Amino acid sequence: MTYTADKPPHTETREELQRRIPGWGADLDPRDRPSVPRERHDTGATGAHWDFPERQEEKRPRERSVEHRTLTPVFGTVAPTHGLSGVIRRYAYRKYSEARAAHWLLLVAADRVDAVESHLRSFATTRPDNPITETGVLSEFTRHGISSRFGRKRADLNHIWIDPIVVAGPWLLAGGVLYSAVRAVTKRRS
Amino acid sequence: MRAMVYRGPYKVRVEEKDMPVIEHPNDAIVRVTRAAICGSDLHLYHGMMPDTRVGMTFGHEFIGVVEEVGPSVQNLSRGDRVMVPFNVYCGSCYFCARGLYSNCHNVNPNATAVGGIYGYSHTCGGYDGGQAEFVRVPFADVGPSVIPDWMDEEDALLLTDALATGYFGAQLGDIAEGDTVVVFGAGPVGLFSAKSAWLMGAGRVIVIDHLDYRLEKARIFANAETYNFAEYHDIVVHLKRITDFLGADVVIDAVGAEADGNFTQQLTATKLKLQGGSPTALNWAIDSARKGGTVSVVGAYGPIFSAVKFGDAFNKGLTLRMNQCPVKRQWPRLFEHIQNGYLKPSDIVTHRIPLEHIAEGYHIFSAKLDDCIKTVIVPSAA
Ligand SMILES: NC(=O)c1ccc[n+]([C@@H]2O[C@H](COP(=O)([O-])OP(=O)(O)OC[C@H]3O[C@@H](n4cnc5c(N)ncnc54)[C@H](O)[C@@H]3O)[C@@H](O)[C@H]2O)c1
Ligand SMILES: [Zn+2]
Ligand SMILES: [Zn+2]
């Protein structure tokens, strides 16, 4: 087999499979499956009663991909761009198409800036970010953190040690920025 | 209202957030009764998806009760119990008209290469998700369906993504009777893919993971043959060996961007975010498929490039098929399969957690603690 023309045989027959597995072969006909054919013309089947949807009001300028002719008729309005992360995000959208690595790498960089900005801003509120509660890390104690991981053949143990660094990164960065700002001010005074 | 809110990588909390409002005449506001955490949420949670903003509420798997409808809504009214596909889609654009609901062109200004998804970053349209007490549902006449009376709530919840996606993954494999099907990943999506492969006539279904408790589920729930890749020096060679050195006719990647098994891929993708995803499982899929075979990819990858072994796929003449799942297209058939008793999706739910404790919910699911497979979130107002 394999090095000759026949397909390696299975050990189970059709009847055995039908007996062992409820519903075996219920969708046997490849043409009679819900996503076949891949493109199927079904306007009217979707519930849409418009050719083109009415337009949602653009209450504030909405960033969009330069690969779109206009703003789409419907869009999400959560978390509008703001701060330095907003400047980077709007630039990434305005300047680079989705085809450019710069577009995505700038957006990822803006995400990191957003996290630092948001952590700093939270300290001026009644609800500062709390890394202990927000990471849910206390569930390590109540949900078998040790026995879920060790003595098992898990492949992720070689990299989970990096996670605390990823989590603490923005905090260390923010602390560093704060520290040097304070240093700069006190130095100027002395 | 109370809502889960993203605070940066690995950090979420529950906040008081403004109630969503009708922003378009075909919007509805839905009071969420059950939501779930999906493997896809982990890509956001770990900060891998570009343009994931602090302040966003995640959650693209949810069911609920219609609270309010916009003036042009015809098919739903206040009080209807609805299940909402994870896709936000218009039902009328070029792509929707062809059944490609997950590739809608009218709902995502941020990207043309992605459709709209609830609570899934601005790259997927900037919509808030359903891990909250209330959620805005655009195109209420298109996406949601009233939950049939006979259907179990949690079955309905799993139909909004995981089950539909797993079933779709098996379809993308173009399985023919007697095919050997390998599924990488024994998470909710992989378990449902394995189960669905039998419905399409597979002769042998093999599931690969490194979490023994999930492999056990694959044996019991999905009647599959299983192997823990951490026990083998090279899982691809093992798969060749057990298929008489032919390879599998169909391989399904139900792992996606956070695949384990290769430290460098993990480091560059999930930690440093320099790849759209760690393609370890995808590469194994390419290498363990037989020449001329099909690789179906339902595991999700981000828009940044990934180090995929494209040359092997090319030289082997593989067919690569993939997409976000067009959920509602799967529903009528899946409803039948559930009614006939062929599928019982809620069997995979392991954890039910109040919305207020969602940070623990994320940690447990992300770190795979406590033999977690699928986590259901119960909002306080449910
Ligand atoms: N296409 C879609 O529409 C769609 C919809 C839902 C989910 N998804 C994607 O499907 C994937 C799985 O989702 P899920 O909810 O089942 O997630 P999950 O995290 O529960 O499951 C992933 C499983 O893969 C296993 N795994 C890791 N590396 C592996 C490897 N190299 N080989 C084999 N197994 C490996 C993990 O141990 C885990 O059990 C995710 O990437 C998710 O984003 C896609
Ligand atoms: Zn999902
Ligand atoms: Zn559309």
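The model shown is predicted, which means the values in this text are computed figures rather than measured ones.

1. Points about the coordination of the zinc ion (ligand 2)
All names here are of chain B.
Here is step 1 of the chain: Around the zinc ion (ligand 2), the protein contributes the donor atoms C38 (SG), H60 (NE2) and D161 (OD), which lie 1.8 to 2.3 Å from the metal centre.
Here is step 2 of the chain: Each donor residue of the zinc ion (ligand 2) belongs to the same chain, and together they define the spacing C-x21-H-x100-D. Placement of the pair is H60 in the loop between helix 1 (39-45) and strand 4 (61-69) and D161 in the loop between helix 2 (153-159) and helix 3 (162-172), with a sequence separation of 101 residues. For the pair H60 and D161, one class covers both residues: buried.

2. Remarks on the interface of chain B and chain A
Here is step 1 of the chain: At the junction of the two partners, chain B supplies 114 residues and chain A supplies 101 residues.
Here is step 2 of the chain: Interface of chain B and chain A: buried area, both sides summed, is about 9100 Å²; carbon and sulfur atoms make up 52% of it.
Here is step 3 of the chain: Remark: the boundary between chain B and chain A carries 15 salt bridges.
Here is step 4 of the chain: One salt bridge connects R14 of chain A with E177 of chain B, and the closest N-O pair in it is separated by 2.8 Å.
Here is step 5 of the chain: Partitioned by chemical class, the residues of the side of chain B that touches chain A number 49 nonpolar, 35 polar and 30 charged.

3. A short note on the coordination of the zinc ion (ligand 3)
Residues and elements named next belong to chain B.
Here is step 1 of the chain: All of the protein donors around the zinc ion (ligand 3) are C90 (SG), C93 (SG), C96 (SG) and C104 (SG); their distances to the metal are 2.3 to 2.5 Å.
Here is step 2 of the chain: Each donor residue of the zinc ion (ligand 3) lies on one chain, and together they are spaced C-x2-C-x2-C-x7-C. For the residue pair C90 and C93, the accessibility class agrees, reading buried in each case.

4. Observations concerning the site of ligand 1
Residues and elements named next belong to chain B.
Here is step 1 of the chain: As a structural note, the neighbourhood of ligand 1 is formed by 34 residues, with S40, D209, R214, V298 and C325 the closest of them.
Here is step 2 of the chain: In the environment of ligand 1, an oxygen atom lies 2.8 Å from a nitrogen or oxygen atom belonging to the side chain of R214.
Here is step 3 of the chain: V298 is positioned such that a nitrogen or oxygen atom in its backbone is 3.0 Å from a nitrogen atom of ligand 1.
Here is step 4 of the chain: When ligand 1 sits alone it has 860 Å² of accessible area, and the protein chains cover 96% of it.
Here is step 5 of the chain: Contributions of two or more residues to the shell around ligand 1 are made by helix 1, helix 4 (188-199), strand 11 (204-209) and helix 8 (280-288).
Here is step 6 of the chain: The dominant element in the shell around ligand 1, judged by the number of residues it contributes, is helix 1, at 4 residues.
Here is step 7 of the chain: Class assignment of the residues belonging to the shell around ligand 1 gives a composition of 18 nonpolar, 11 polar and 5 charged.
Here is step 8 of the chain: Taken domain by domain, the shell around ligand 1 gets at least three of its residues from each of domain 1 (2-161 + 326-378) and domain 2 (163-322).

5. Here's the deal with the pattern of salt bridges
Here is step 1 of the chain: The full count for this structure, using the stated rule, is 40 salt bridges over all chains.
Here is step 2 of the chain: Here K153 of chain A and D212 of chain B are joined by a salt bridge, their closest N and O atoms 3.3 Å apart. Of this pair, K153 of chain A sits in the loop between helix 6 (145-149) and helix 7 (163-189) while D212 of chain B is found in helix 5 (residues 212-221), placing the two residues in two different chains.
Here is step 3 of the chain: Residue K153 of chain A is classed as partly exposed on the basis of its relative accessible area, which comes to 37%.
Here is step 4 of the chain: Taking the shortest distance from any N to any O, the salt bridge between R2 of chain B and E16 of chain B comes out at 3.2 Å. With R2 of chain B in strand 1 (residues 2-8) and E16 of chain B in strand 2 (residues 11-16), this residue pair connects regions lying 14 residues apart in the sequence.

6. A closer look at the packing of helix 3 of chain B against helix 4 of chain B
Residues and elements named next belong to chain B.
Here is step 1 of the chain: Viewed as axis vectors pointing N to C, helix 3 and helix 4 meet at an angle of 50°, and their least axial separation amounts to 7 Å. Comparing the axis directions of helix 3 and helix 4 gives the class oblique. By crossing handedness, the relation of helix 3 to helix 4 is classed as right-handed. Contact with helix 3, carried on its side by A162, L163, T165, G166, Y167, G169 and A170, involves P188, V189, F192, S193, S196, A197 and L199 of helix 4 and no other residues of that element.
Here is step 2 of the chain: Taken together, the residues of the contact of helix 3 with helix 4 sort by class into 9 nonpolar, 5 polar and no charged.

7. What about the confidence of the model for chain B?
Here is step 1 of the chain: A residue-level look at chain B finds 100% of positions with pLDDT of 70 or above and a mean pLDDT of 97.
Here is step 2 of the chain: Prediction confidence for the complex, expressed as pTM and ipTM, is 0.96 and 0.96 respectively.

8. Quick word on the layout of surface pockets
Gaps left between atoms are located by rolling a probe of water-molecule size over the structure's atoms.
Residues and elements named next belong to chain B.
Here is step 1 of the chain: Each pocket or cavity is described by its volume, and for the second largest pocket that value is around 820 Å³.
Here is step 2 of the chain: Lining the second largest pocket are 33 residues, and of these A300, Y301, G302, P303 and M322 sit closest to its centre.
Here is step 3 of the chain: Only helix 8 and strand 15 (319-322) provide two or more residues apiece to the lining of the second largest pocket.
Here is step 4 of the chain: In terms of residue class, the lining of the second largest pocket is built from 21 nonpolar, 11 polar and 1 charged.
Here is step 5 of the chain: Summarising the domain contributions, the lining of the second largest pocket has at least three residues from each of domain 1 (2-161 + 326-378) and domain 2 (163-322).

9. A word on the nonpolar core
Burial of nonpolar side chains together is a common tendency in soluble globular proteins.
All names here are of chain B.
Here is step 1 of the chain: One finds M83 and L159 to be the most contacted residues of the largest nonpolar core, which totals 124 residues.
Here is step 2 of the chain: Other than its neighbours up to four places away in sequence, M83 contacts F62, I63, P144, S145, I147, P148, M151, A156, L159, T160, W331 and F335.
Here is step 3 of the chain: V182, V251, L282 and A313 belong to the second largest nonpolar core, which has 23 residues in total.

10. With respect to empty space enclosed by the protein
Residue and element names in this part refer to chain B.
Here is step 1 of the chain: The final tally for this structure, using the stated rule, is 1 cavity of 30 Å³ or more.
Here is step 2 of the chain: Within this model, the largest cavity holds a volume of roughly 30 Å³.
Here is step 3 of the chain: V84, P85, N87, V88, Y89, Y118, V137, P138, F139, G143 and P144 are the residues that line the largest cavity.
Here is step 4 of the chain: Taken together, the residues of the lining of the largest cavity sort by class into 9 nonpolar, 2 polar and no charged.

11. Points about helix 7 (residues 263-271) of chain B
Residue and element names in this part refer to chain B.
Here is step 1 of the chain: Turning to helix 7, its buried residues are Q265, Q266, A269, T270 and K271. Within helix 7, the buried residues cover an arc of 160° as seen down the axis, which keeps them to one side.
Here is step 2 of the chain: For helix 7, the N-terminal capping position is held by N262, with its side-chain oxygen 3.0 Å away from the main-chain nitrogen of T264.
Here is step 3 of the chain: The first or second residue beyond helix 7 is K273, which carries a positive phi of 60°.

12. Some words on the domain arrangement of chain A
Residue and element names in this part refer to chain A.
Here is step 1 of the chain: Domain boundaries assigned for chain A yield domain 1 (62-129) and domain 2 (130-185).
Here is step 2 of the chain: Across the contact, 6 residues belong to domain 1 and 7 residues belong to domain 2.
Here is step 3 of the chain: Summing both partners gives a buried area of about 550 Å² for domain 1 against domain 2, and 74% of it is carried by carbon and sulfur.
Here is step 4 of the chain: The three residues of domain 1 that bury the most area against domain 2 are V116, H119 and D129, which together make up 71% of that side's buried surface.
Here is step 5 of the chain: Applying the counting rule to domain 1 against domain 2 returns 0 salt bridges.
Here is step 6 of the chain: Counting across the domain 1 and domain 2 interface gives 1 residue pair in polar contact (both at pLDDT 80 or more).
Here is step 7 of the chain: Its residues placed into classes, the side of domain 1 that touches domain 2 shows 4 nonpolar, 1 polar and 1 charged.

Conventions adopted
Residues numbered from 1 in each chain as written. Chains lettered and ligands numbered in written order. Predicted model: local features only at pLDDT ≥ 70, side-chain atom pairs only at ≥ 80, totals over all residues. Heavy atoms only, no water. Donors = N, O, S within 2.8 Å, 3.2 Å for Na, K, Ca; no water. Helix = DSSP H or I, 4+ residues; strand = E, 2+ residues; numbered from the N terminus. Buried < 20%, exposed > 50% of the residue type's maximum accessible area, 1.4 Å probe, protein only. Contact = heavy atoms within 4.5 Å. Buried area = accessible area lost by both parts, 1.4 Å probe. Salt bridge = Lys/Arg side-chain N within 4 Å of Asp/Glu carboxyl O. Nonpolar A, V, L, I, M, F, W, Y, C, P; charged D, E, K, R; others polar. Near = heavy atom within 4 Å. Polar contact = N/O pair within 3.5 Å; in protein donor to acceptor, adjacent residues only side chain to side chain. Areas by Shrake-Rupley, 256 points an atom, 1.4 Å probe, with all protein chains shown as cover. Domains from an automatic or database assignment. Axes fitted to C-alpha atoms, helices over the stretch in contact; angles between N-to-C directions. Parallel < 35°, antiparallel > 145°, perpendicular 65-115°, else oblique. Left-handed = near helix turned anticlockwise from the far one by under 90°. pLDDT = per-residue confidence, 0-100. 1 Å grid on protein atoms, 1.4 Å probe; cavity = no way out; pocket = protein on both sides within 12 Å on 5 of 7 lines; lining within 4 Å. Points joined across faces, edges and corners; volume = space filled by probe spheres on them. Core = buried A, V, L, I, M, F, W, Y, C linked by side-chain atoms within 4.5 Å. Arc of directions from axis to C-beta.

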